[in-house]
Every structure is written in C-alpha cells, then in structure tokens.
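Remarks on the overall topology
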Amino acid sequence: MLIRPLFVRRLDHFSKSVCSQLVAMFFCLSTVAFANVPSDKIVETRVQNILKTMTLEQKVGQMVQGEIKQVSPADVSQYFLGSVLNGGGSFPNHDKQATANDWLRLADDYYNASIDKSKGGAGIPIFWGTDAVHGHNNIIGATLFPHNIGLGAANAPELIKKIGAITAREVTATGVEWVFAPTVAVVKDNRWGRAYEGYSSDRKIVEAYAGQMVRGLQGESGQLFKNDAKVIATAKHFVGDGGTFRGIDQGDTIMGLDALMKEHGQGYARAIEAGVQTIMASFNSWNGLKIHGDKFLLTDILKDKMGFDGVVVSDWNGVGQVKGCNNKSCPKAINAGIDIVMVPDVWKEFLRNTIAQVNDGQIPMARIDDAVSRILRVKIRAGLFEKGAPSSRQGAGDSSLIGADSHRKVAREAVRKSLVLFKNNGDTLPIKPNQHVLITGDGADNIGKQSGGWTISWQGTDNTNVDFPGATSIYSGLKQAIESIGGSVELSSDGTWMKRPDVAVAIFGEEPYAEGQGDIHALLYRNGSTADLDLIRSIRSQDIPVVSVFLTGRPLWMNAEINSSNAFVVAWLPGSEGAGVADVLVATRDGKPNYDFTGRLSFDWPNKETNLIDGRLAVDEYLLGIGGGLSYGEKEVLTATLNEETSLSDKLAANVIFRGSTRSPWKAFVGDVSDWHRAVEAGEASTAYGALKVETIDGIVQEDSRQLRWLGGYESQFYWQGEAPVNLSDLVEENGALMVNFRVDKHPEGTVNQRMDCGWPCSGIIDMTEFFRSIPEGQWSRVGISLACFAKIGVELSSVTSPLVLSSKDPFAITLNDVRIIADAPKSTLLPCDSIRQ
C-alpha cells in the first residue's frame with residue numbers, strides 16, 4: 001500500500017501548488033463559493049439566534065439520521081432528530097405499493113413532531129432524504145429516467161437540467177425535501193458495481209453535467225427557498241469513489257492529491273458553483289485512510305479551500321468503517337467534518353454516545369456548533385421554516401404528478417438520445433414498413449430489467465411489470481411502432497415463432513444490481529454464460545437477420561454477440577420509457593429513420609475482457625473509444641470478425657452463486673412438504689408452513705447477506721438451483737470446492753443436512769450438525785467442501801442442478817454472505833473428506 005506523502009497534509013503546499021495549477025478549474029473557491037446561494041447576514045443571524053437557544057441534546061439530534069423503518073414520529077420529538085432517510089426498498093408502513101399520499105402522511109407526521117416544542121424540542125423542521133438517482137425511483141408509478149451512464153452517452157447537459165427538475169417535482173409531491181443526487185463519480189474501472197451511476201470516465205463530461213443536475217433539482221438562485229417544487233441536492237461521493245483499485249466498491253483510491261482533485265474533484269467544484277447544499281462523503285479510502293475519517297479532505301480541502309459551507313453527510317453506516325469506530329460510535333468522523341451521520345438502525349446508540357463524547361471532551365463543542373450551524377443554514381436556505389407542513393405545499397399529494405405524461409415525454413427523449421449504434425450491416429435498421437418482426441430475449445418485456453438497480457428496491461431485483469404502472473417495456477414500444485407502419489410482431493421467450501419473421505430483435509443484458517453486489521472480476525458478460533449468444537446464433541442459422549439490443553450498466557466484452565448480430569445497439573438501462581428505443585429502431589411509413597442515432601460512448605468499450613492497466617483499458621484494447629458510435633448511413637467501423645477468444649482461465653472465472661444477491665444463472669428457493677419450490681423474491685421468503693424464513697440483512701456491509709431462520713416444526717429447505725445443469729467435473733483436477741462465507745446465528749437444535757443435487761434422485765448429503773455446533777455464534781467463517789468429496793458421496797459433477805441445499809426441521813439460524821465454486825481452494829479452508837458424515 002502506498003503511504004500518503006506528508007506534504008499533502010500541509011495546506012500551505014496545497015495553496016501554492018494546487019491552487020496555482022487549478023484556479024481555472026474552480027478548486028480554490030473560497031472567494032466564489034455559493035455565488036448563486038449567498039451567505040447573507042440575515043441567514044447567518046437566524047442561524048446564530050437559533051443555535052444559542054439549543055441544548056447539547058437538541059444539537060446532536062440534528063446531526064443524527066435514522067431510517068424510516070427505525071424512526072417513529074414520536075422518536076423525532078423525543079430525540080430532537082433533524083433528519084430521516086428511506087433506504088432503497090424502504091417504504092411508508094413497509095408497503096411497497098404506498099401511494100404519494102401515504103408518503104405525504106408520514107412526512108407530515110415527522111414534520112409535526114419536529115416542530116412540537118412540548119417535549120423540549122427546539123421547533124426545527126425536519127428534512128427527509130431519499131436516493132432519487134434516476135427519477136423518484138422509490139415510488140410505484142414514478143418516471144424513471146435512463147441511469148447516468150446512458151445520460152452520459154446522450155451528451156445533452158440541458159436535458160440533464162430538465163430531468164433534475166422533473167425528479168424534484170415528483171419527489172416533492174410525496175413530501176420529501178432532499179435527494180441524494182447527483183452522483184458525480186468519474187468511473188475509471190468498469191468492474192465497479194456502481195459504474196452505471198457515473199456519467200462518464202471522462203471528467204469533462206461529468207463537469208458539464210454536475211452543475212446542470214444541481215440547478216434542475218434545486219433551481220436557480222433563490223428558487224430553493226421559495227419554490228415548493230425544488231429539493232435539496234447532494235453531490236456524491238466525495239471523493240474518488242470511481243477511482244478505487246481494481247474497481248472494488250468502497251476500496252482504496254491510490255494517487256496524489258493533485259491527481260485526485262484534478263481527476264475526481266471537478267464535479268464537486270461545478271456542483272458547489274451551482275449552489276449544491278449537501279455533499280455526501282464516500283465509503284472509499286484515499287491512500288489507505290477512510291474518507292469518512294479524513295479531516296484533511298472533508299474540512300481542510302472541501303470546506304476551507306473549496307469554500308463549501310453546506311452540510312457534509314455520511315453514507316450508510318460509513319462512519320463504522322473508520323479505524324477505531326463502529327456504527328454506534330465515531331467521534332473521529334465528526335471531528336473530521338461529518339455534519340450529519342447516517343446510522344440507519346443504531347441511531348439511538350450513536351446519539352447517546354455522541355452526547356457523552358462531547359461531555360467528556362472527545363468532540364469539541366465548537367465542532368458540534370459548526371455542524372449544527374451548517375444544518376440550520378441549509379434548512380433556512382431551503383425555506384423549511386417558511387414552507388410549512390409538507391401537505392401544505394404546492395403539488396403535495398398530487399398523484400397526477402407521479403409519472404405525468406409530460407415527464408415521461410422527457411424520459412423518452414432521454415432514451416432516444418442515449419442509444420449507441422455499434423453496427424448496422426446491410427441496413428438492417430431501421431425496421432421497415434410491413435415487416436413481420438420476432439421480438440425475443442429476457443429483456444424484451446421486462447421493465448424491471450431495463451430499469452436496473454436502484455429501482456423500487458435497492459438492488460432493483462424481484463420487480464415485475466405490474467410494479468410499473470404507466471411504463472412501457474421495449475417490446476410494447478416496438479409493437480406499437482411496428483404496427484403503426486403496417487408491420488406485425490410476435491413475442492417469444494426462446495426465439496421460436498409461429499410465422500417466419502423478416503427480422504428478429506433480441507433484447508438481453510445484465511440483471512439489475514447496485515453497489516457492492518454489482519462488482520465483477522472481469523469485463524465478462526454474465527460470467528461467461530452463452531445463453532444469449534446461443535439465442536442469436538440459433539435465429540441467424542435460419543437466415544433471419546438479428547438486431548441485438550443490449551441492456552447494460554457498463555461496457556462489457558461482447559465481441560461474440562456483436563459478430564453474430566446484423567445490428568448491435570447499446571441501450572444502457574433506459575428506465576420506464578422503453579418506447580424511446582422504438583423511436584430510433586423503427587422507420588416511418590416511408591421507410592426512413594424516425595429519429596437518428598445520436599448517442600455516443602462516454603466510456604471506452606473493451607475489445608478484451610481483461611487487459612486492464614490500473615483499472616483502465618490499454619489504448620490498443622478499445623473496441624470503440626469515448627465518442628464512438630454510428631448514425632444511420634455512416635460507414636461501418638468494426639471489422640466483420642472481432643476476436644472471440646477469452647483470455648480468462650477457468651480458475652479466474654469463478655462460479656459465483658451468491659454475493660450480496662443471487663447471480664445468474666442461479667435462483668434461490670425455499671420449500672417444505674406443501675411446496676418444495678417457492679422462489680425467494682426481493683431477498684425475502686418463507687416456506688408454505690412458515691417454519692423457514694429468509695431475510696436480507698446487513699452482514700458485513702449494507703444488505704449484503706441472507707439470514708436463514710428455521711423456527712422448527714416442519715422439514716424445510718433453502719437452496720439455489722440453476723436454469724440448466726452445470727458441469728463442474730473439470731474443476732475436480734483443479735482442486736475445486738464449494739466455498740461459503742457464513743455466520744452461525746443460532747446453533748442447531750436438531751439435524752442440519754447440506755446437499756449438492758444433480759437431478760433427482762442424484763444427490764450427495766452431508767450431516768453438518770456437529771460442524772455448525774462447533775462454530776461460535778456470531779463469528780464469520782469461510783469454509784469449503786471440495787468437489788472431490790461431493791463426487792465420493794454420489795454427486796454427478798457433470799450435471800449439478802443445485803450446488804447448495806440446507807435443510808432442517810428444528811430451530812437453527814445461519815447468515816450466508818458469499819457462496820461460490822472456486823478452483824485451487826486453500827486446503828486450510830476445507831473440511832477433510834474423512835470427517836464428513838453422510
């Protein structure tokens with residue numbers, strides 16, 4: 001690990017070197033900060049007048065933020081809380097179908113509790129924060145815009161401002177005043193699971209968008225104070241989240257200060273220039289030091305040198321990652337410059353500990369006063385003291401604003417502008433009048449898949465089209481457009497048809513994911529699965545031209561799919577308005593393009609799945625560079641036969657079954673005698689008789705684990721099953737093993753069996769009872785069973801259908817964090833074969 005040079009800790013060096021080099025880039029903003037949101041004397045006088053009346057308990061309450069599932073209105077008034085948030089997949093009353101008025105009622109309850117002085121409160125209005133990262137993506141029926149990676153390809157800064165304004169309008173209709181957006185990460189390694197949250201790997205594109213999104217959300221100068229349709233914006237995540245080593249989420253960004261600020265800080269400069277009121281600290285480290293505890297970056301640079309006088313908010317339990325801290329206590333983070341601490345579940349403990357730490361001198365009162373002053377300043381600038389209860393504001397509870405036609409029209413425009421055309425051999429596109437079109441692929445009629453992560457739930461998984469009223473799948477958009485020019489369509493899940501098509505459109509891509517769970521080891525699509533490629537080739541083999549529409553949150557190595565397609569279009573993650581794809585792919589009645597392809601890559605596209613140099617593709621390994629893409633009629637730029645040979649060994653291409661979420665091609669199920677095959681949806685499930693419950697929990701990081709709880713009474717099982725049998729036999733000679741990272745939460749009271757199935761009645765059963773009893777409760781362990789052991793007990797490794805089945809009928813609880821098949825498993829982590837009981 002690189003050690004940060006001592007000189008970067010010196011502000012005099014920063015002043016002389018960085019400011020002299022970067023004045024034109026707006027890093028030395030002490031004289032120009034908040035040009036559009038002036039720190040006038042009236043605001044500061046109000047801040048000080050309120051501050052001097054507040055008790056320590058009231059002040060700390062303003063600084064602590066809990067999650068709505070863990071905070072009641074009574075808590076707000078009792079503990080003087082200044083803010084709440086809803087995490088992804090969290091809804092008022094735990095109801096996924098909660099309406100705008102349901103959200104508004106809870107917002108009112110929180111507001112009324114916050115201004116109630118009868119229990120000793122200071123009467124300071126609360127604000128509610130939400131991750132509205134591609135529209136108000138938390139509420140059923142909202143307008144969902146393309147994720148940022150698609151907006152980056154659109155190259156339309158003015159459109160970004162419109163999107164921000166629409167997002168703000170739909171958010172405020174639900175009573176929420178604060179959004180955790182925009183993300184201004186400059187993504188340098190596409191293996192990162194949050195790559196799609198970045199506009200580009202080019203800082204100049206991020207710069208061009210950051211201020212525009214802030215202006216759309218907050219409005220121009222003074223609008224935030226008086227306009228009920230505006231929200232407080234948050235630039236995130238400060239700083240370097242897109243530059244971590246190997247793209248590891250929450251990893252380490254290793255570079256000097258000048259490079260860090262030049263490459264990853266420009267978006268913040270533009271956001272501050274636009275008046276952004278809050279900035280979120282990043283999970284990542286900088287040269288080995290967690291940013292949540294880095295006073296130099298948060299205070300000396302961001303607040304002092306960049307002139308930011310708004311609020312620095314932590315990320316979800318981010319303070320717990322600081323050395324010497326945990327989720328319940330972190331004076332170091334507050335002293336470093338965190339003003340609002342997001343501790344969703346343990347906020348009460350954190351609040352009590354912080355009060356004690358101020359009293360015993362660990363946190364200076366001056367730091368508390370500075371943090372609370374910033375919070376009050378933002379609330380005053382946002383007009384929260386004047387706007388009244390959320391329900392009294394203009395547009396509050398107006399369900400017609402959620403997914404309004406005028407909003408969807410802008411989202412559809414964004415989809416059109418984001419599409420990037422890679423090839424169009426033989427002018428396959430646009431689809432001509434009177435053609436019969438086969439539409440196939442698992443993304444064709446799947447609005448959840450086309451919307452990606454951060455859609456209703458955090459990971460965007462387990463949604464169906466029913467969850468998107470008013471939205472349009474890509475299939476529906478194509479059907480309407482094709483039929484309007486005299487054509488016909490046929491939808492098929494497997495590429496078969498009733499009537500021979502003139503052309504086929506195959507729509508496929510990545511399954512939804514979000515941070516952490518979306519990290520990958522190489523730029524390899526679906527971990528090497530060829531299911532979609534096989535679909536394309538099966539259609540092409542019958543002399544039917546194929547248009548491939550690829551849904552993805554990042555550039556991936558797709559040479560084989562591109563080679564096999566007549567036309568190849570990258571649609572990114574377009575959101576709720578799938579008809580925008582049809583606008584460009586389908587001709588007018590006279591056979592001419594309805595809209596042209598104007599999208600251009602804002603990331604380099606790889607020609608190999610590896611060849612990463614410090615997270616970046618070698619220049620000669622681009623298939624297409626930034627700015628790449630075709631318009632109708634332009635000459636093809638790709639060769640007819642791209643290299644399809646993978647350079648990954650089987651050892652590297654580990655078969656990941658579960659890492660935060662279940663990975664394709666596996667699916668999770670629970671079962672008992674009443675129903676042995678019940679799908680685990682949205683990370684939660686229970687067997688028919690209720691004796692086994694599955695729940696998503698925070699294991700090591702946020703929502704990264706599944707807890708299995710057997711309550712007793714009925715034989716019940718949890719298992720993963722593949723879409724088709726998987727051949728693991730080649731891994732035996734490579735010392736392959738099933739590896740599980742787990743925590744025993746409650747020792748088994750009866751027998752626990754583990755199985756690997758290979759198609760009924762083929763199976764290998766291991767009695768794991770004594771092993772699980774030997775593991776201390778609450779301790780994380782990583783243990784494997786070799787594939788050779790499974791083979792010895794009867795598993796046919798050439799046709800594995802379920803790699804892991806756990807069953808019991810008595811009380812037992814275990815949390816699973818990571819499950820995978822690996823090669824070269826360390827012997828020290830493996831259970832000896834001779835110790836295994838059948």
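Residues numbered from 1 in each chain as written. Predicted model: local features only at pLDDT ≥ 70, side-chain atom pairs only at ≥ 80, totals over all residues. Heavy atoms only, no water.

1. Overview of the overall build of the protein
Put simply, the test is: Secondary structure elements are taken from DSSP: a helix is a run of H or I of four residues or more, a strand is a run of E of two residues or more, and numbering for both begins at the N terminus. Here the globule rule is a power law, 2.2 Å times the number of residues to the power 0.38, and the radius of gyration is based on C-alpha atoms. Exposure is judged per residue with a 1.4 Å probe applied to protein chains only, and the accessible area is read against the type maximum: over 50% gives exposed, under 20% gives buried, and values in between give partly exposed.
Each helix and strand counted, the protein has 24 helices and 34 strands in total. Against the 2.2 N^0.38 benchmark of 28 Å for 838 residues, the protein shows a C-alpha radius of gyration of 27 Å, consistent with a compact globule. By principal-axis analysis of the C-alpha atoms, the protein measures approximately 75 × 75 × 55 Å. Of all 838 residues assigned to the protein, the portion counted as buried reaches 63%.

2. Quick notes on the environment of Gly 141
Applied cut-off: Residue contacts follow a heavy-atom distance rule, with two residues in contact if any of their heavy atoms lie within 4.5 Å.
Structurally, Gly 141 is set in the loop between strand 3 (127–130) and helix 6 (148–154). With 258 residues separating them along the chain, Gly 141 and Ser 399 place their C-alpha atoms 9.3 Å apart. The residues contacting Gly 141, other than those within four sequence positions of it, are Ile 402, Gly 403, Arg 408, Asp 467 and Pro 469.

3. Digging into the confidence of the model for the protein
Where we set the bar: Each residue carries a pLDDT score, the predictor's confidence in it, ranging from 0 to 100.
Scored by pLDDT, the protein comes out at a mean of 92, with 93% of its residues at no less than 70. Per-residue pLDDT stays below 50 along residues 649–654; that stretch engages in 9 contacts with residues further than four places along the chain or on separate chains.

4. A closer look at the sheet that holds strand 24 (residues 675–679)
Let me state the cut-off plainly: Any two strands between which DSSP finds at least two bridges are classified as paired. For helices, the fitted line uses only the C-alpha atoms of the stretch in contact; every axis is such a line through C-alpha atoms, and the angle between N-to-C directions lies from 0 to 180 degrees.
Across the sheet, 6 strands lie side by side as 24-23-28-33-30-31; this open sheet has antiparallel pairing. Only two strands of the sheet have a single partner each, and these edge strands are strand 24 and strand 31 (763–767). If you compare each strand with its neighbour and ignore which way they point, the axes differ by 25 degrees on average.

5. Side note on a nonpolar patch on the surface
We apply this condition: In this analysis, a patch consists of residues with relative accessible area above 30% that form no salt bridge, clustered at 9 Å for like charges and at 5 Å for the nonpolar side chains Val, Leu, Ile, Met, Phe, Trp and Tyr. With residues, only the protein chains shown are counted as cover, and all accessible areas are computed by Shrake-Rupley using a 1.4 Å probe. Counted as salt bridges are all cases of a side-chain nitrogen of Lys or Arg within 4 Å of a carboxyl oxygen of Asp or Glu.
Taken together, the side chains of Val 673, Trp 676, Tyr 689 and Tyr 714 define a hydrophobic patch exposed on the protein surface, amounting to about 430 Å² of accessible area. Tracing the sequence through the fold places Tyr 714 in the loop between strand 27 (705–710) and strand 28 (716–722). Overall, the relative accessible area of 39% leaves Tyr 714 in the partly exposed class.

6. Topic: the environment of Gly 495
Locating Gly 495 in the fold gives a position in the loop between strand 14 (488–492) and strand 15 (503–509). The residues touching Gly 495, leaving out its near neighbours within four places in the chain, are Leu 438, Thr 440, Leu 535 and Ile 539.

7. With respect to the state of the cysteines
Here a disulfide denotes a covalent bond joining the sulfur atom of one cysteine to the sulfur atom of another. To keep it simple, the criterion reads: Any two cysteine sulfur atoms lying within 2.5 Å of each other are counted as a disulfide.
This structure, assessed with the given rule, holds 3 disulfides. There is a disulfide in this structure between Cys 325 and Cys 330, and the S-S distance comes to 2.2 Å. Where Cys 325 bonds to Cys 330 through sulfur, the torsion about that S-S bond is close to 70 degrees, and the disulfide is right-handed. The side chain of Cys 789 participates in a disulfide bridge whose partner is Cys 833; the two sulfur atoms lie 1.6 Å from each other. Taking the torsion about the S-S bond as the criterion, the Cys 789 to Cys 833 disulfide, at about -95 degrees, is left-handed. Taken together, the positions of Cys 789 in helix 24 (residues 787–792) and Cys 833 in the segment after strand 34 (812–822) put the pair 44 residues apart, joining distant regions of the chain.

8. Let's talk about the pattern of salt bridges
Side chains that differ in sign of charge can pair as their charged atoms come close. Across all of its chains, the model carries 39 salt bridges by this definition. Between Arg 408 and Glu 577 there is a salt bridge, and its shortest N-O distance comes to 2.6 Å. Linking Arg 408 in helix 17 (residues 405–418) with Glu 577 in the loop between strand 17 (567–572) and helix 22 (579–585), this pair joins segments that are 169 residues apart in sequence. Given the relative accessible area of 6%, Glu 577 is considered buried.

9. Observations regarding the nonpolar core
Definition in use: Only buried residues count toward a nonpolar core, which is a set of Ala, Val, Leu, Ile, Met, Phe, Trp, Tyr and Cys residues joined through side-chain atoms within 4.5 Å.
Formed by 128 residues in total, the largest nonpolar core has its most connected members in Phe 238 and Leu 297. Once residues within four sequence positions are removed from consideration, Leu 297 is found in contact with Phe 238, Val 239, Leu 257, Leu 260, Trp 286, Ile 291 and Leu 302. Val 670, Phe 742, Phe 790 and Val 800 belong to the second largest nonpolar core, which has 46 residues in total.

10. As for the packing of aromatic side chains
Applied cut-off: Note on ring pairs: Phe, Tyr and Trp rings are taken, using the six-membered ring of Trp, and paired if centres are within 6.5 Å. Classes follow the plane angle, with under 30 degrees stacked, over 60 edge-to-face and the rest tilted. Working rule: Lys NZ or Arg CZ, within 6 Å of ring centre, within 35 degrees of ring normal, means a charge sits over the ring.
Overall, the coordinates contain 28 aromatic pairs when judged by the stated rule. With a centroid separation of 4.3 Å and an interplanar angle of 10 degrees, the aromatic rings of Tyr 689 and Tyr 714 are classed as stacked. Of the two residues, Tyr 689 is situated in the loop between strand 25 (685–686) and strand 26 (692–697) and Tyr 714 in the loop between strand 27 and strand 28; the sequence distance between them amounts to 25 residues. What makes Tyr 689 partly exposed here is its relative accessible area of 45%. Above the face of the Phe 127 ring, Lys 379 is positioned so that its terminal group lies 4.8 Å from the ring centre.

11. Re the sheet that holds strand 3
The 5 strands are arranged 4-3-2-1-11 in an open sheet whose pairing can be described as parallel. Bordering the open sheet on either side are strand 4 (178–179) and strand 11 (341–342), each of which pairs with just one other strand. The sheet contact formed by strand 1 (residues 64–67) and strand 11 spans 2 bridges and is parallel. Its bridge partner lying in strand 11, Gln 65 is registered against Met 342.

12. Details of helix 8 (residues 203–218)
Put simply, the test is: To estimate the expected span of a helix, subtract one from its residue number and multiply by 1.5 Å. In protein, a polar contact means a hydrogen-donor-capable atom and an acceptor-capable atom, both N or O and within 3.5 Å, with residues adjacent in sequence counting only if both atoms are side-chain atoms; elsewhere, any N or O pair within 3.5 Å suffices.
When the terminal C-alpha atoms of helix 8 are compared, their 23 Å separation across 16 residues agrees well with the 22 Å that a helix rising 1.5 Å per residue should span. The buried fraction of helix 8 is high, at 14 of 16 residues. Between the side-chain oxygen at the start of helix 8 and the backbone nitrogen of Lys 204 there is a gap of 2.9 Å, and the oxygen is on Asp 202. The positive-phi residue at the C-terminal boundary of helix 8 is Gly 219, with phi of around 90 degrees.

13. As for the side chain of Thr 244
For Thr 244, the location among the structural elements is in the loop between strand 5 (234–238) and strand 6 (252–253). Residue class for Thr 244 comes out buried when judged on its relative accessible area of 5%. Residues in contact with Thr 244, not counting those within four places in the same chain, are Gly 251, Asp 252, Thr 253 and Asn 284.

14. Quick word on the pairing of strand 28
Put simply, side chains in a regular strand alternate between the two faces of the sheet. For strand 28, the tally of buried residues reaches 6 of 7 residues, placing the bulk of the element in the interior. Note: strand 23 (residues 666–672) against strand 28, 7 bridges, orientation antiparallel. When the bridges of strand 28 are listed, Val 670 appears paired with Phe 718. The pairing of strand 28 with strand 33 (residues 802–808) spans 4 bridges and is classified as antiparallel. Within the sheet, the bridge partner assigned to Phe 718 lies in strand 33 and is Leu 806.

15. Focus on the packing of helix 7 (residues 157–172) against helix 17
Each packed pair of helices is defined by two parameters, the angle between the axes and the distance between the axes. In plain terms, the rule: Helix crossings fall into two classes, left-handed where the near helix is turned counterclockwise from the far one by less than a right angle and right-handed where it is turned clockwise. Each residue is assigned to one class: nonpolar for Ala, Val, Leu, Ile, Met, Phe, Trp, Tyr, Cys and Pro, charged for Asp, Glu, Lys and Arg, and polar for all the others, Gly among them.
Running from N to C, helix 7 and helix 17 point in directions that differ by 145 degrees, and their axes come no closer than 10 Å. As for how helix 7 packs across helix 17, the hand of that crossing is left-handed. Seen from helix 7, the contacting residues are Leu 159, Lys 162, Ile 163, Ile 166, Arg 169 and Glu 170; seen from helix 17, they are His 407, Val 410, Glu 413, Ala 414 and Lys 417. A per-class count over the contact of helix 7 with helix 17 returns 5 nonpolar, 1 polar and 5 charged.

16. Examining the environment of His 436
Its location among the elements puts His 436 in strand 13 (residues 436–440). Of the residues examined, His 436 reaches a relative accessible area of 6% and is grouped as buried. With 51 residues separating them along the chain, His 436 and Gly 487 place their C-alpha atoms 5.6 Å apart. Of the polar contacts made by the side chain of His 436, one reaches the side chain of Ser 488; its length is 2.7 Å. In this structure the side chain of His 436 is engaged in a polar contact, spanning 3.4 Å, whose partner is the backbone oxygen of Lys 499.

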